[in-house]
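# Structural characterization, general
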Amino acid sequence: MTAAPEWLEITLKTSRDEVETLENWLFKSGALSVTLLDSVDDEELSHAVLEPVPGEVRLWDDITLVGLYARETLLDELHDALHLAAAMLEIAVPAFTASRLQEREWERTWMDTFKPMQFGEHFWICPTEQEAPDPSAINLRLDPGMAFGTGTHATTAQCLAWMGAETARTLRPLEGCRVIDYGCGSGVLAIAALLLGAERAWAVDIDPQALSATRDNARQNGVLDKLEVGMPELVNDLSVELVLANILFKPLMDLADTLTASVKPGGRLVVSGILREQMEPLRERYSEHFEFEPGQDQDGWALMTAIRR
Ligand SMILES: C[S@@+](CC[C@H](N)C(=O)[O-])C[C@H]1O[C@@H](n2cnc3c(N)ncnc32)[C@H](O)[C@@H]1O
C-alpha cells in the first residue's frame, strides 16, 4: 500500500526583530502557511500556536517559525526556492530544519490552533469549520492555513482591532468608504472593511498566491462582488477614503509617493508592520502630505494612522 503523501515543514528560530522578514521569506519561497510558536517551550507545545486572547497582542523575543509547504513539494526544489527568496529579500539564508508531516497531524495542528478571535465589541475572525461564538456579530470566516493573515499575527491583529473598535457604536463603521488594502496577503483587511460597511474595496499584492487566497476568502465571506483583486497597478489611478497597508517598513518607505496618491484629501492612511523605532522616520517620510494621529504601540509593534491634507 502506498503511504499517504506528507506535508513538508520548515522550522527555524528567530528573534522578534527578524520575525516579519523571515515570515515573508517563507511565504516567498512558497509556504502555504506560517505559524509562530513560542520557542521557550516548543518541544512540549509542539504545534500549539500561542494565540492572543481577544484584544491582546503578544510577541515573544525567542520565536519559532514553522512554514508549511504543499505535499508535492520536493526537498531539492524547496532548497532552491528558499535560496532564491532569500536573495530577493537580500538576506542570508538562516539555519532551518526540514521535516515531513503526516496529513492528519497537519489538519489537527490548524484545527487546534486557529480559534475565533474578537476585535472590538461586535467583530470576530472565525475559522470556517467552527461555530461563531456570537452569531449576531460580524463574523469574518477564514480557512486556517491559507496565506498570510488569519489575524493571529500582531500586525494584522492591530489593524483588525483598529477597524473593529467602532463596532461598539455601529455595525457599519466604514459605511460609504472606498478602501484599498495594499499588500493584502489573505485579503483579511479588505474583507473586514467590506463586512464593516465599506462600499467597495481593492486588494493588491505582488504575490500571486495572495491574490488567489484573497479571491477565495472574499467569495467565502460573500463580498467578492464588492472587491477588486490584482497586482499593485490595479490602483494606480485611484484615490480613496481609506488605505490600509500592513507591509514592512522598507516597502512603506519606498511606496510613500504611491500610497500618498492613493489617499484622497481628507482620507485616512493606516499603516502597520513597523517597529516602534521605525515610527519617527516613517512619520517624517509622510509628513508633507499627512497629519498623523497619535500612534499605537503594542509590544514593540506600531500602528500609525494619518489624515491626508
Ligand atoms: C505582512 S503581510 C500582510 C498581509 C495582510 N494585509 C494582513 O494584514 O494580514 C504583507 C503583504 O504585503 C505584500 N507586499 C510586500 N511588498 C509589497 C509591495 N511592494 N507591493 C504590494 N504588496 C507587497 C506581501 O506579499 C504580503 O502578502
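Residues numbered from 1 in each chain as written. Predicted model: local features only at pLDDT ≥ 70, side-chain atom pairs only at ≥ 80, totals over all residues. Heavy atoms only, no water.

Near the ligand you find 18 residues, and of these Thr156, Gly183, Asp205, Asn246 and Ile247 are the closest. Between the ligand and Asp205 there is a distance of 2.6 Å, counted from an oxygen atom to a side-chain nitrogen or oxygen. Contact with the protein chains hides 89% of the accessible area of the ligand, taken as 600 Å² for the molecule alone. Residue assignment for the shell around the ligand shows that the elements contributing at least two residues are strand S8 (178–182) and helix H6 (188–195). (Near = heavy atom within 4 Å. Polar contact = N/O pair within 3.5 Å; in protein donor to acceptor, adjacent residues only side chain to side chain. Areas by Shrake-Rupley, 256 points an atom, 1.4 Å probe, with all protein chains shown as cover. Helix = DSSP H or I, 4+ residues; strand = E, 2+ residues; numbered from the N terminus.)

What follows covers the nonpolar core. One broad trend across soluble globular proteins is that nonpolar side chains are buried collectively. One finds Phe123, Ile125, Leu140, Leu160 and Met163 to be the most contacted residues of the largest nonpolar core, which totals 37 residues. Sorting the residues of this core by element identifies strand S6 (123–127), strand S7 (138–142), helix H5 (154–164), H6, strand S9 (200–204), helix H7 (208–220), strand S10 (227–230) and strand S11 (240–246) as the ones contributing at least two each. Top contributing element to this core by residue count: H6, with eight residues. (Core = buried A, V, L, I, M, F, W, Y, C linked by side-chain atoms within 4.5 Å. Buried < 20%, exposed > 50% of the residue type's maximum accessible area, 1.4 Å probe, protein only.)

Cross-referencing UniProt, the feature "binding site: S-adenosyl-L-methionine" (unreviewed entry) maps to Thr156, Gly183, Asp205 and Asn246 in the present numbering. Topologically, Thr156 is positioned in helix H5. Thr156 gets classed as buried once you look at its relative accessible area, which sits at 2%. What Gly183 contacts, discounting residues up to four positions off in sequence, is Val204, Asp205, Asn246 and Ile247. (UniProt positions renumbered as here; feature names shortened; annotations may be inferred. Contact = heavy atoms within 4.5 Å.)

Another aspect to go through is H5. Across the eleven residues that make up H5, a large majority, nine, are buried. Here H5 has its buried residues at Ala154, Thr155, Thr156, Ala157, Gln158, Cys159, Leu160, Met163 and Gly164.

So, on to the packing of helix H1 (residues 16–28) against helix H3 (residues 75–89). For the pair H1 and H3, the least separation of the axes is 8 Å and the interaxial angle reads 130 degrees. Classified by the angle their axes make, H1 and H3 are oblique. In the crossing of H1 with H3, the sense of the turn from one axis to the other is right-handed. In contact with Thr21, Asn24, Trp25, Leu26 and Lys28 of H1, H3 contributes Leu82, Ala85, Ala86, Met88 and Leu89. (Axes fitted to C-alpha atoms, helices over the stretch in contact; angles between N-to-C directions. Parallel < 35°, antiparallel > 145°, perpendicular 65-115°, else oblique. Left-handed = near helix turned anticlockwise from the far one by under 90°.)

With that settled, the discussion passes to the packing of aromatic side chains. Tallying each qualifying case throughout the model produces three aromatic pairs. Just above the ring of Phe292 sits the side chain of Arg283; from NZ or CZ to the centre is 5.6 Å. (Phe/Tyr/Trp six-rings, centres within 6.5 Å; stacked < 30°, edge-to-face > 60°. Lys NZ or Arg CZ within 6 Å of the ring centre and 35° of its normal.)

A few words now on the side chain of Ser262. With respect to the secondary-structure elements, Ser262 resides in helix H9 (residues 256–262). When near neighbours in sequence (up to four residues on either side) are disregarded, Ser262 contacts Ile180, Leu238, Ser239, Val240 and Val243.

This brings us to the pairing of S11. Side-chain direction in a regular strand flips from residue to residue, so the side chains alternate between the two faces of the sheet. In terms of burial, S11 is largely enclosed, as six of its seven residues are buried. As paired elements, S8 and S11 share three bridges and run parallel to each other. Within S11, the position partnered with Asp181 by the bridge is Leu244. Two elements, S11 and strand S12 (residues 263–275), share six bridges in a ladder whose sense is parallel. For Leu244, the partnering residue across the bridge sits in S12 and is Val270. (Pairing = 2+ DSSP bridges.)

Checked against the element boundaries, Ala218 lands in helix H7. A residue is classified by how much of its surface remains accessible, and Ala218, at 0% relative accessible area, is buried. The spatial distance from the C-alpha of Ala218 to the C-alpha of Ile191 is 6.1 Å, given a sequence separation of 27 residues. Sequence-distant contacts of Ala218, defined by excluding residues within four places in its chain, comprise Ile191, Val223, Leu224 and Leu227.

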